[in-house]
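# Observations on the model geometry
Each chain is listed here by its residues.
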Amino acid sequence: MQISEIRLHPIAIADAPLRSSYGRHAPYALRTIVEVKTTDGITGISETYGGDRPLAALEAAKSRIIGMDPFRLAELWRDLTAPQPDQAEAVAGGRTQTWLVPGENPLDQNARTYAAYEVACLDIIGKATGQPVCEVIGGRVRDEVSFSAYLFYKHGGGGGIGADAREDEYGECLDAKTIVQQCREFIRKYGFKEIKLKGGVLDPDIEIETIRALREEFGPKYPLRIDPNCAWSVETSCHVGRSLKEELSDGGYLEDPCAELAGMAEVRRLLAAEGIDMAMGSNVAVTCFEQVVEAKRLDAVQVVLSDPHYWGGVRALRRLSDLCETLGMGVSMHSNNHLGVSLMTMAHAAAAAPHVMYACDTHYPWQTEQDEIIVGGRVKFHEGCVRIPDKPGLGVDLDYDQIERCKRVYEGLTYRKRDDEAEMRQHVDPNWKRVLPRW
Ligand code: GKR
Ligand code: MG
(Lines give C-alpha, C1' and ligand atoms only; values in the text may rest on other atoms or scores of the structure.)
(Ligands and ions follow the chains in the order given, each with its own letter.)
Protein backbone atom coordinates (compact mmCIF):
# COMPACT_ATOMS: atom_id res chain seq x y z
CA MET A 1 0.00 0.00 0.00
CA GLN A 2 1.26 3.47 -0.89
CA ILE A 3 0.08 7.01 -0.24
CA SER A 4 -1.11 8.44 -3.53
CA GLU A 5 -2.75 11.76 -2.68
CA ILE A 6 -2.96 14.38 0.07
CA ARG A 7 -5.69 17.00 0.46
CA LEU A 8 -5.41 19.87 2.90
CA HIS A 9 -8.54 21.78 3.94
CA PRO A 10 -7.97 25.09 5.76
CA ILE A 11 -11.14 25.90 7.71
CA ALA A 12 -12.48 28.47 10.16
CA ILE A 13 -14.86 27.66 13.03
CA ALA A 14 -16.84 30.07 15.19
CA ASP A 15 -15.33 30.74 18.60
CA ALA A 16 -16.63 32.71 21.59
CA PRO A 17 -14.68 35.75 22.94
CA LEU A 18 -12.81 33.70 25.55
CA ARG A 19 -10.11 35.37 27.65
CA SER A 20 -6.69 34.23 28.78
CA SER A 21 -3.32 35.85 29.43
CA TYR A 22 -2.83 35.73 25.65
CA GLY A 23 -5.75 38.17 25.21
CA ARG A 24 -9.15 37.45 23.69
CA HIS A 25 -10.21 34.82 21.17
CA ALA A 26 -11.17 36.02 17.68
CA PRO A 27 -14.68 35.30 16.29
CA TYR A 28 -13.27 32.35 14.33
CA ALA A 29 -10.52 29.86 15.20
CA LEU A 30 -8.41 28.40 12.36
CA ARG A 31 -7.90 24.67 11.81
CA THR A 32 -6.60 22.41 9.04
CA ILE A 33 -8.18 19.09 8.10
CA VAL A 34 -5.81 16.60 6.45
CA GLU A 35 -6.89 13.80 4.10
CA VAL A 36 -4.39 11.15 3.03
CA LYS A 37 -5.41 8.66 0.31
CA THR A 38 -3.80 5.34 -0.58
CA THR A 39 -3.46 3.27 -3.73
CA ASP A 40 -5.84 0.75 -2.06
CA GLY A 41 -8.58 3.36 -1.93
CA ILE A 42 -8.39 4.00 1.85
CA THR A 43 -8.61 7.57 3.17
CA GLY A 44 -7.06 8.55 6.50
CA ILE A 45 -7.89 11.85 8.21
CA SER A 46 -6.55 14.16 10.89
CA GLU A 47 -7.08 17.67 12.28
CA THR A 48 -4.35 20.14 13.23
CA TYR A 49 -3.49 23.81 13.75
CA GLY A 50 -4.73 26.29 11.18
CA GLY A 51 -3.46 29.34 9.32
CA ASP A 52 -0.60 30.06 6.94
CA ARG A 53 2.38 28.64 8.80
CA PRO A 54 1.00 25.17 9.66
CA LEU A 55 -0.53 24.93 6.18
CA ALA A 56 2.77 25.78 4.45
CA ALA A 57 4.60 23.17 6.57
CA LEU A 58 2.02 20.48 5.70
CA GLU A 59 2.28 21.47 2.04
CA ALA A 60 6.10 21.30 2.11
CA ALA A 61 6.06 17.77 3.61
CA LYS A 62 3.78 16.40 0.86
CA SER A 63 6.61 15.35 -1.44
CA ARG A 64 8.13 13.23 1.41
CA ILE A 65 4.81 11.51 2.07
CA ILE A 66 3.42 10.80 -1.39
CA GLY A 67 4.59 7.31 -2.35
CA MET A 68 5.35 6.20 1.23
CA ASP A 69 3.94 3.11 2.93
CA PRO A 70 1.66 4.43 5.73
CA PHE A 71 3.04 1.77 8.10
CA ARG A 72 6.58 3.25 7.92
CA LEU A 73 6.04 5.86 10.63
CA ALA A 74 9.42 5.64 12.41
CA GLU A 75 11.17 6.59 9.17
CA LEU A 76 8.76 9.46 8.65
CA TRP A 77 9.45 10.73 12.20
CA ARG A 78 13.20 10.56 11.58
CA ASP A 79 12.95 12.45 8.31
CA LEU A 80 10.45 15.14 9.30
CA THR A 81 12.02 15.93 12.65
CA ALA A 82 15.68 15.73 11.56
CA PRO A 83 17.59 18.80 12.82
CA GLN A 84 17.65 21.61 10.27
CA PRO A 85 20.56 24.08 10.25
CA ASP A 86 18.22 27.00 11.04
CA GLN A 87 16.42 25.10 13.82
CA ALA A 88 19.29 24.28 16.16
CA GLU A 89 17.27 25.41 19.16
CA ALA A 90 14.52 22.91 18.48
CA VAL A 91 16.86 19.98 19.09
CA ALA A 92 18.62 21.66 21.98
CA GLY A 93 15.34 21.65 23.91
CA GLY A 94 14.74 25.36 23.39
CA ARG A 95 11.10 25.02 22.47
CA THR A 96 8.60 26.96 24.51
CA GLN A 97 5.06 28.18 24.24
CA THR A 98 5.63 30.91 26.78
CA TRP A 99 6.24 33.90 24.58
CA LEU A 100 4.39 32.67 21.53
CA VAL A 101 0.78 32.06 20.73
CA PRO A 102 0.04 28.30 20.93
CA GLY A 103 0.11 26.75 17.50
CA GLU A 104 2.40 29.38 16.03
CA ASN A 105 5.73 28.31 17.47
CA PRO A 106 8.04 27.75 14.45
CA LEU A 107 10.48 25.76 16.59
CA ASP A 108 8.23 22.77 17.01
CA GLN A 109 6.35 22.91 13.72
CA ASN A 110 8.15 19.74 12.58
CA ALA A 111 6.62 17.68 15.40
CA ARG A 112 3.20 19.19 14.63
CA THR A 113 3.48 18.42 10.93
CA TYR A 114 4.61 14.88 11.65
CA ALA A 115 1.72 14.41 14.12
CA ALA A 116 -0.89 15.49 11.55
CA TYR A 117 0.38 12.95 9.01
CA GLU A 118 0.97 10.23 11.61
CA VAL A 119 -2.65 10.37 12.79
CA ALA A 120 -3.94 10.17 9.19
CA CYS A 121 -1.63 7.16 8.59
CA LEU A 122 -2.86 5.46 11.78
CA ASP A 123 -6.44 6.04 10.62
CA ILE A 124 -5.46 4.27 7.37
CA ILE A 125 -3.74 1.41 9.26
CA GLY A 126 -6.80 1.02 11.48
CA LYS A 127 -9.10 0.89 8.45
CA ALA A 128 -6.79 -1.57 6.65
CA THR A 129 -6.63 -3.93 9.66
CA GLY A 130 -10.16 -3.40 10.96
CA GLN A 131 -8.93 -2.01 14.33
CA PRO A 132 -9.49 1.26 16.21
CA VAL A 133 -6.40 3.54 16.38
CA CYS A 134 -5.93 2.89 20.14
CA GLU A 135 -5.52 -0.84 19.38
CA VAL A 136 -3.09 -0.18 16.54
CA ILE A 137 -0.72 1.77 18.83
CA GLY A 138 -0.45 -0.86 21.54
CA GLY A 139 -3.95 -1.50 22.80
CA ARG A 140 -6.39 0.38 24.95
CA VAL A 141 -6.29 0.44 28.74
CA ARG A 142 -9.72 2.10 28.92
CA ASP A 143 -12.87 2.12 26.80
CA GLU A 144 -13.76 5.71 27.58
CA VAL A 145 -11.69 8.80 28.24
CA SER A 146 -12.61 11.40 30.80
CA PHE A 147 -12.52 15.14 29.95
CA SER A 148 -12.69 18.19 32.23
CA ALA A 149 -15.06 21.18 32.31
CA TYR A 150 -12.77 23.84 30.83
CA LEU A 151 -14.16 27.17 32.09
CA PHE A 152 -13.20 30.55 30.65
CA TYR A 153 -13.84 34.13 31.67
CA LYS A 154 -15.48 35.58 28.58
CA HIS A 155 -17.16 38.61 27.10
CA GLY A 156 -20.74 38.46 25.82
CA GLY A 157 -21.11 36.71 22.44
CA GLY A 158 -21.05 33.15 21.14
CA GLY A 159 -18.60 33.62 18.23
CA GLY A 160 -19.03 34.04 14.48
CA ILE A 161 -19.90 37.29 12.69
CA GLY A 162 -23.14 38.89 11.44
CA ALA A 163 -25.67 36.38 10.09
CA ASP A 164 -23.20 33.61 11.00
CA ALA A 165 -23.13 34.62 14.70
CA ARG A 166 -23.65 31.78 17.19
CA GLU A 167 -26.05 31.75 20.10
CA ASP A 168 -24.34 32.94 23.29
CA GLU A 169 -25.04 29.97 25.57
CA TYR A 170 -23.25 31.37 28.65
CA GLY A 171 -23.40 35.19 28.31
CA GLU A 172 -20.71 37.42 29.77
CA CYS A 173 -18.72 35.62 32.50
CA LEU A 174 -16.34 38.00 34.22
CA ASP A 175 -16.83 37.13 37.89
CA ALA A 176 -17.14 34.18 40.25
CA LYS A 177 -20.94 33.98 40.10
CA THR A 178 -21.16 33.74 36.31
CA ILE A 179 -18.30 31.20 36.15
CA VAL A 180 -20.15 28.99 38.66
CA GLN A 181 -23.22 29.24 36.41
CA GLN A 182 -21.08 28.36 33.35
CA CYS A 183 -19.79 25.31 35.23
CA ARG A 184 -23.30 24.21 36.23
CA GLU A 185 -24.29 24.25 32.57
CA PHE A 186 -21.14 22.34 31.52
CA ILE A 187 -21.81 19.64 34.10
CA ARG A 188 -25.51 19.45 33.23
CA LYS A 189 -24.82 19.14 29.48
CA TYR A 190 -21.67 17.00 29.46
CA GLY A 191 -21.41 15.38 32.92
CA PHE A 192 -17.78 16.47 33.50
CA LYS A 193 -16.20 15.29 36.78
CA GLU A 194 -13.11 17.54 36.96
CA ILE A 195 -12.95 21.32 36.56
CA LYS A 196 -10.32 23.62 35.03
CA LEU A 197 -10.47 27.42 35.15
CA LYS A 198 -8.47 29.43 32.64
CA GLY A 199 -7.05 32.24 34.78
CA GLY A 200 -4.59 35.09 34.27
CA VAL A 201 -7.46 37.37 33.25
CA LEU A 202 -8.79 39.18 36.33
CA ASP A 203 -7.13 40.32 39.53
CA PRO A 204 -5.74 37.14 41.20
CA ASP A 205 -7.95 37.70 44.26
CA ILE A 206 -11.06 37.52 42.04
CA GLU A 207 -9.72 34.30 40.51
CA ILE A 208 -9.09 32.90 44.03
CA GLU A 209 -12.69 33.83 44.89
CA THR A 210 -13.86 32.05 41.72
CA ILE A 211 -12.07 28.80 42.63
CA ARG A 212 -13.47 28.98 46.16
CA ALA A 213 -16.98 29.53 44.79
CA LEU A 214 -16.58 26.49 42.51
CA ARG A 215 -15.45 24.37 45.46
CA GLU A 216 -18.36 25.58 47.55
CA GLU A 217 -20.86 24.82 44.81
CA PHE A 218 -19.56 21.44 43.58
CA GLY A 219 -17.65 20.08 46.62
CA PRO A 220 -14.40 18.09 46.89
CA LYS A 221 -15.65 15.31 44.58
CA TYR A 222 -14.77 17.63 41.64
CA PRO A 223 -10.97 18.19 41.53
CA LEU A 224 -10.04 21.76 40.55
CA ARG A 225 -7.17 23.27 38.55
CA ILE A 226 -6.38 26.85 37.57
CA ASP A 227 -4.14 27.91 34.67
CA PRO A 228 -3.15 31.59 34.24
CA ASN A 229 -0.64 30.84 31.45
CA CYS A 230 2.29 32.47 33.30
CA ALA A 231 0.47 35.71 34.18
CA TRP A 232 1.77 35.73 37.78
CA SER A 233 5.09 36.49 39.44
CA VAL A 234 6.62 33.92 41.81
CA GLU A 235 5.24 35.95 44.73
CA THR A 236 1.71 36.10 43.33
CA SER A 237 1.85 32.40 42.42
CA CYS A 238 2.73 31.63 46.07
CA HIS A 239 -0.11 33.87 47.28
CA VAL A 240 -2.59 31.99 45.07
CA GLY A 241 -1.12 28.58 46.00
CA ARG A 242 -1.27 29.41 49.71
CA SER A 243 -4.84 30.75 49.44
CA LEU A 244 -6.04 27.70 47.49
CA LYS A 245 -4.03 24.97 49.19
CA GLU A 246 -7.21 23.06 50.14
CA GLU A 247 -9.10 23.65 46.89
CA LEU A 248 -6.24 22.59 44.58
CA SER A 249 -5.35 19.43 46.54
CA ASP A 250 -6.87 15.95 46.03
CA GLY A 251 -6.46 15.52 42.28
CA GLY A 252 -6.18 19.22 41.40
CA TYR A 253 -3.12 21.26 40.41
CA LEU A 254 -1.73 24.73 39.86
CA GLU A 255 -0.92 24.98 36.12
CA ASP A 256 1.80 27.31 34.74
CA PRO A 257 1.30 30.04 37.36
CA CYS A 258 4.55 31.75 36.28
CA ALA A 259 7.05 31.54 33.44
CA GLU A 260 9.96 29.13 33.07
CA LEU A 261 10.97 25.99 34.94
CA ALA A 262 13.11 27.97 37.39
CA GLY A 263 10.08 30.07 38.42
CA MET A 264 7.87 27.00 38.79
CA ALA A 265 10.54 25.27 40.91
CA GLU A 266 10.79 28.33 43.14
CA VAL A 267 7.01 28.40 43.74
CA ARG A 268 7.03 24.70 44.57
CA ARG A 269 9.98 25.15 46.95
CA LEU A 270 8.57 28.20 48.74
CA LEU A 271 5.17 26.56 49.23
CA ALA A 272 6.81 23.34 50.46
CA ALA A 273 8.73 25.41 53.03
CA GLU A 274 5.33 26.46 54.39
CA GLY A 275 4.24 22.81 54.51
CA ILE A 276 2.12 23.04 51.33
CA ASP A 277 2.56 20.14 48.89
CA MET A 278 1.25 21.87 45.76
CA ALA A 279 1.15 19.81 42.53
CA MET A 280 2.27 22.01 39.63
CA GLY A 281 1.10 21.27 36.07
CA SER A 282 2.55 22.61 32.82
CA ASN A 283 2.07 22.80 29.09
CA VAL A 284 4.11 26.00 28.74
CA ALA A 285 7.39 25.33 30.58
CA VAL A 286 7.40 21.70 29.37
CA THR A 287 6.72 21.12 25.68
CA CYS A 288 9.32 18.51 24.71
CA PHE A 289 11.02 15.42 26.14
CA GLU A 290 14.25 17.15 27.20
CA GLN A 291 12.25 19.58 29.33
CA VAL A 292 10.43 16.74 31.13
CA VAL A 293 13.75 15.45 32.45
CA GLU A 294 14.81 18.96 33.50
CA ALA A 295 11.41 19.60 35.14
CA LYS A 296 11.88 16.43 37.19
CA ARG A 297 15.43 17.36 38.15
CA LEU A 298 14.25 20.77 39.43
CA ASP A 299 11.02 19.33 40.92
CA ALA A 300 9.33 22.19 38.99
CA VAL A 301 6.44 20.17 37.48
CA GLN A 302 4.54 17.19 38.87
CA VAL A 303 1.86 16.95 36.14
CA VAL A 304 2.91 17.18 32.48
CA LEU A 305 0.19 18.22 30.04
CA SER A 306 0.59 16.05 26.97
CA ASP A 307 -1.00 16.80 23.59
CA PRO A 308 -0.85 14.53 20.52
CA HIS A 309 -0.97 17.58 18.22
CA TYR A 310 2.30 19.15 19.28
CA TRP A 311 4.17 16.42 21.17
CA GLY A 312 4.59 14.47 17.92
CA GLY A 313 1.47 12.36 17.57
CA VAL A 314 -0.30 9.62 19.49
CA ARG A 315 2.70 7.30 19.58
CA ALA A 316 4.86 10.03 21.15
CA LEU A 317 2.10 10.64 23.67
CA ARG A 318 2.31 7.00 24.70
CA ARG A 319 6.09 7.42 25.03
CA LEU A 320 5.54 10.53 27.19
CA SER A 321 3.09 8.66 29.41
CA ASP A 322 5.68 5.88 29.92
CA LEU A 323 8.49 8.37 30.62
CA CYS A 324 6.42 10.22 33.22
CA GLU A 325 5.45 6.95 34.86
CA THR A 326 9.13 6.03 35.12
CA LEU A 327 10.00 9.45 36.54
CA GLY A 328 7.07 9.40 38.98
CA MET A 329 5.29 12.36 37.33
CA GLY A 330 1.58 12.65 36.51
CA VAL A 331 0.15 13.14 33.00
CA SER A 332 -2.83 15.22 31.92
CA MET A 333 -3.73 16.55 28.44
CA HIS A 334 -3.78 20.05 26.96
CA SER A 335 -6.21 21.29 24.31
CA ASN A 336 -6.93 24.14 21.92
CA ASN A 337 -10.03 25.01 19.92
CA HIS A 338 -10.93 21.89 17.99
CA LEU A 339 -13.55 19.74 16.30
CA GLY A 340 -14.45 16.06 16.42
CA VAL A 341 -11.47 14.63 14.51
CA SER A 342 -9.07 16.19 17.01
CA LEU A 343 -11.22 15.21 20.01
CA MET A 344 -11.27 11.58 18.83
CA THR A 345 -7.50 11.67 18.29
CA MET A 346 -7.07 12.78 21.91
CA ALA A 347 -9.47 10.07 23.07
CA HIS A 348 -7.57 7.29 21.23
CA ALA A 349 -4.23 8.66 22.49
CA ALA A 350 -5.43 8.77 26.11
CA ALA A 351 -7.13 5.35 25.83
CA ALA A 352 -3.76 3.78 24.94
CA ALA A 353 -1.62 5.77 27.42
CA PRO A 354 -1.95 4.03 30.81
CA HIS A 355 -0.48 6.87 32.85
CA VAL A 356 -2.88 9.63 31.70
CA MET A 357 -4.69 9.79 35.02
CA TYR A 358 -6.32 13.24 34.95
CA ALA A 359 -9.39 14.20 32.95
CA CYS A 360 -8.11 15.73 29.67
CA ASP A 361 -8.74 19.37 28.76
CA THR A 362 -11.04 20.09 25.85
CA HIS A 363 -12.32 23.27 24.21
CA TYR A 364 -14.99 21.18 22.46
CA PRO A 365 -17.99 22.70 24.32
CA TRP A 366 -16.93 26.10 22.95
CA GLN A 367 -17.50 24.97 19.35
CA THR A 368 -20.97 24.38 17.95
CA GLU A 369 -22.94 21.83 15.95
CA GLN A 370 -23.00 24.31 13.03
CA ASP A 371 -19.24 23.91 12.57
CA GLU A 372 -18.79 20.18 13.22
CA ILE A 373 -17.20 18.55 10.16
CA ILE A 374 -17.77 14.88 11.02
CA VAL A 375 -20.65 12.82 9.71
CA GLY A 376 -23.47 12.55 12.24
CA GLY A 377 -22.67 15.81 14.04
CA ARG A 378 -21.02 16.42 17.39
CA VAL A 379 -19.20 13.76 19.40
CA LYS A 380 -21.32 12.79 22.42
CA PHE A 381 -20.09 12.87 26.02
CA HIS A 382 -21.41 10.35 28.58
CA GLU A 383 -20.79 11.38 32.19
CA GLY A 384 -17.90 13.59 31.03
CA CYS A 385 -16.34 10.81 28.95
CA VAL A 386 -15.87 10.08 25.25
CA ARG A 387 -16.27 6.40 24.34
CA ILE A 388 -13.93 4.77 21.86
CA PRO A 389 -16.21 3.85 18.95
CA ASP A 390 -16.47 0.26 17.85
CA LYS A 391 -15.15 1.15 14.39
CA PRO A 392 -11.78 0.92 12.62
CA GLY A 393 -9.39 3.89 12.61
CA LEU A 394 -10.40 7.04 14.46
CA GLY A 395 -14.03 5.99 14.03
CA VAL A 396 -15.23 9.24 12.44
CA ASP A 397 -15.71 10.35 8.81
CA LEU A 398 -15.70 13.75 7.16
CA ASP A 399 -18.84 15.61 6.16
CA TYR A 400 -17.69 17.23 2.92
CA ASP A 401 -20.54 19.79 2.75
CA GLN A 402 -19.52 21.06 6.15
CA ILE A 403 -15.85 21.17 5.16
CA GLU A 404 -16.77 23.28 2.11
CA ARG A 405 -18.82 25.65 4.26
CA CYS A 406 -16.02 26.10 6.83
CA LYS A 407 -13.50 26.57 3.99
CA ARG A 408 -15.58 29.40 2.55
CA VAL A 409 -15.61 31.08 5.98
CA TYR A 410 -11.80 30.73 6.12
CA GLU A 411 -11.41 32.28 2.67
CA GLY A 412 -13.52 35.27 3.74
CA LEU A 413 -11.38 36.06 6.81
CA THR A 414 -8.73 38.76 6.82
CA TYR A 415 -6.42 36.95 9.30
CA ARG A 416 -4.32 33.82 8.87
CA LYS A 417 -2.99 33.37 12.40
CA ARG A 418 -4.27 33.56 15.93
CA ASP A 419 -3.73 37.04 17.41
CA ASP A 420 -5.45 37.36 20.80
CA GLU A 421 -3.62 40.63 21.54
CA ALA A 422 -5.05 42.29 18.43
CA GLU A 423 -8.56 41.23 19.51
CA MET A 424 -8.02 42.81 22.92
CA ARG A 425 -6.87 46.06 21.33
CA GLN A 426 -9.82 46.12 18.97
CA HIS A 427 -12.59 45.27 21.46
CA VAL A 428 -11.39 45.90 25.02
CA ASP A 429 -8.44 48.28 25.38
CA PRO A 430 -6.59 49.97 22.47
CA ASN A 431 -3.33 49.86 24.45
CA TRP A 432 -3.49 46.24 25.61
CA LYS A 433 -0.27 44.21 25.51
CA ARG A 434 0.57 40.76 26.81
CA VAL A 435 2.71 41.56 29.84
CA LEU A 436 4.25 38.72 31.86
CA PRO A 437 4.01 38.70 34.75
CA ARG A 438 0.97 40.98 34.86
CA TRP A 439 0.45 40.54 38.60
O1 GKR B 1 -7.55 28.85 24.35
O2 GKR B 1 -6.89 30.67 25.32
C3 GKR B 1 -6.85 29.45 25.16
C4 GKR B 1 -5.90 28.65 26.01
O5 GKR B 1 -5.16 29.47 26.85
C6 GKR B 1 -4.98 27.83 25.14
O7 GKR B 1 -4.48 28.61 24.11
C8 GKR B 1 -3.84 27.20 25.89
O9 GKR B 1 -2.93 26.65 24.98
O10 GKR B 1 -5.54 25.83 26.85
C11 GKR B 1 -4.24 26.07 26.75
C12 GKR B 1 -3.47 25.90 28.03
O13 GKR B 1 -3.81 25.03 28.78
O14 GKR B 1 -2.47 26.61 28.26
MG1 MG C 1 -2.16 25.35 30.18
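Preceding this paragraph is the structure being described.
This report concerns the structure included in the present document. (Residues numbered from 1 in each chain as written. Chains lettered and ligands numbered in written order. Predicted model: local features only at pLDDT ≥ 70, side-chain atom pairs only at ≥ 80, totals over all residues. Heavy atoms only, no water.)

We now examine the nonpolar core. Core analysis: the biggest nonpolar cluster contains 130 residues, and Tyr-117, Phe-147, Leu-151, Ile-195, Leu-214, Val-304 and Ile-373 have the highest contact counts within it. Ranked by the residues each element gives to this core, the list is headed by helix α4 (residues 109–129), at nine residues. Setting aside residues no more than four positions away along its own chain, Leu-214 makes contact with Leu-151, Ile-179, Val-180, Cys-183, Ile-195, Gly-219 and Leu-224. If you look at the next biggest cluster of nonpolar residues, it comprises five residues, including Cys-230, Ala-259, Val-284 and Leu-436. (Core = buried A, V, L, I, M, F, W, Y, C linked by side-chain atoms within 4.5 Å. Buried < 20%, exposed > 50% of the residue type's maximum accessible area, 1.4 Å probe, protein only. Helix = DSSP H or I, 4+ residues; strand = E, 2+ residues; numbered from the N terminus. Contact = heavy atoms within 4.5 Å.)

Another point: the coordination of the magnesium ion (ligand 2). At the metal site, the magnesium ion (ligand 2) is ligated by Asp-227 (OD), Glu-255 (OE) and Asn-283 (OD1), and these contacts range over 2.0 to 2.2 Å. Counting residues between consecutive donors of the magnesium ion (ligand 2) along the chain gives the motif D-x27-E-x27-N. Pair noted here: Glu-255 is in strand β10 (residues 253–255) and Asn-283 is in the loop between β11 (280–282) and α10 (289–298), with a separation of 28 residues, a long-range link. Look at Glu-255 and you get buried, because its relative accessible area is 0%. Judged by relative accessible area, which is 2%, Asn-283 ranks as buried. (Donors = N, O, S within 2.8 Å, 3.2 Å for Na, K, Ca; no water.)

On to the site of ligand 1. Around ligand 1, the surrounding shell holds 17 residues, and the nearest of these are His-25, Tyr-150, Asn-229, His-334 and His-363. Contacts to ligand 1 include Lys-198, whose side-chain N or O atom sits 3.1 Å from an oxygen atom. Contacts to ligand 1 include Ser-335, whose backbone N or O atom sits 3.2 Å from an oxygen atom. Notes on ligand 1: free accessible area 340 Å², of which the protein chains cover 100%. Cavity membership is defined here by more than half of the atoms lying within 2 Å of grid points; on that basis ligand 1 lies in the second largest cavity. Within the residue set of the shell around ligand 1, elements represented by two or more residues are β7 (149–152) and β8 (195–198). Residues that form the shell around ligand 1 fall into these classes: four nonpolar, eight polar and five charged. (Near = heavy atom within 4 Å. Polar contact = N/O pair within 3.5 Å; in protein donor to acceptor, adjacent residues only side chain to side chain. Areas by Shrake-Rupley, 256 points an atom, 1.4 Å probe, with all protein chains shown as cover. 1 Å grid on protein atoms, 1.4 Å probe; cavity = no way out; pocket = protein on both sides within 12 Å on 5 of 7 lines; lining within 4 Å. Sits in = over half its atoms within 2 Å of the grid points. Nonpolar A, V, L, I, M, F, W, Y, C, P; charged D, E, K, R; others polar.)

A word on the packing of aromatic side chains. Inspection of the entire model under this criterion finds 17 aromatic pairs. Ring centres of Tyr-310 and Trp-311 lie 6.4 Å apart, and the angle between their planes is 25°; this geometry places the pair in the stacked category. This pair shows no difference in class: Tyr-310 is buried, exactly as Trp-311 is. Clustering of aromatic rings is evident, with ring pairs tying together Phe-147, Tyr-150, Phe-152, Tyr-170, Phe-186, Tyr-190, Phe-192, Tyr-364, Trp-366 and Phe-381. The ring of Phe-289 has Arg-319 lying over it, and the distance from NZ or CZ to the ring centre is 4.4 Å. The residue whose ring lies beneath Arg-378 is Tyr-364, and the NZ or CZ to ring-centre distance is 4.1 Å. (Phe/Tyr/Trp six-rings, centres within 6.5 Å; stacked < 30°, edge-to-face > 60°. Lys NZ or Arg CZ within 6 Å of the ring centre and 35° of its normal.)

With that out of the way, let us pick up the environment of Leu-298. Relative to the elements of secondary structure, Leu-298 occurs in helix α10. Using a relative accessible area of 31% as the deciding quantity, one classes Leu-298 as partly exposed. Those residues in contact with Leu-298 that lie beyond four places of it in its chain are Leu-261 and Ala-265.

Take the sheet that holds strand β4 (residues 28–38) next. If you walk across this open sheet you meet the three strands as β1-β4-β5, and the pairing is antiparallel. Edge positions in the sheet fall to β1 (3–14) and β5 (43–49), since each of these pairs with one other strand and no more. Averaged over all pairs of adjacent strands, the angle between strand axes in this sheet comes to 20°, irrespective of strand direction. Taken together, the eleven bridges between β1 and β4 define a ladder with antiparallel strand orientation. Within the sheet, the bridge partner assigned to Ile-6 lies in β4 and is Val-36. On top of the sheet, helix α12 (residues 340–351) reaches β4 and β5; it is set at about 95° to β5, its chief contact. Across the sheet, helix α13 (residues 400–412) is in contact with β1 and β4; its angle to β1 comes to roughly 60°. (Pairing = 2+ DSSP bridges. Axes fitted to C-alpha atoms, helices over the stretch in contact; angles between N-to-C directions.)

Before going further, it helps to examine the pairing of strand β12 (residues 303–306). Here β12 shows no split at all, with Val-303 and Leu-305 on one side and Val-304 and Ser-306 on the other all buried. As paired strands, β11 and β12 are joined by two bridges and run parallel to one another. Its bridge partner being in β12, Ser-282 is matched across the sheet by Val-304. Handedness of the crossover joining β11 and β12 through α10: right-handed. Alignment of β12 against strand β13 (residues 330–333), held across four bridges, turns out to be parallel. Bridge assignment links Ser-306 to a residue of β13, and that residue is Met-333. Handedness of the crossover joining β12 and β13 through helix α11 (residues 313–327) is recorded here as right-handed. (Right-handed = clockwise from strand over helix to strand, strands pointing away.)

A few words on unusual backbone geometry. A cis amide bond links Leu-436 with the next residue in sequence, Pro-437, at an omega value of -10°. Take Pro-437: it is sitting in the segment after α14 (420–427). Phi at Asp-299 takes a positive value of approximately 55°, unusual for a residue other than glycine. Mapped onto the elements, Asp-299 comes out in the loop between α10 and β12. Owing to a relative accessible area of 35%, Asp-299 belongs among the partly exposed residues under this scheme.

For α4, built from 21 residues, the straight-helix expectation of 30 Å at 1.5 Å per residue is met to within 8% by its first-to-last C-alpha distance of 30 Å. Burial within α4 is extensive, with 18 of its 21 residues counted as buried. Trailing α4 by a residue or two, Gly-130 shows a phi angle of about 75°, which is positive. (Expected span 1.5 Å × (residues − 1).)

Interpretation in functional terms is not warranted from these geometric data alone.
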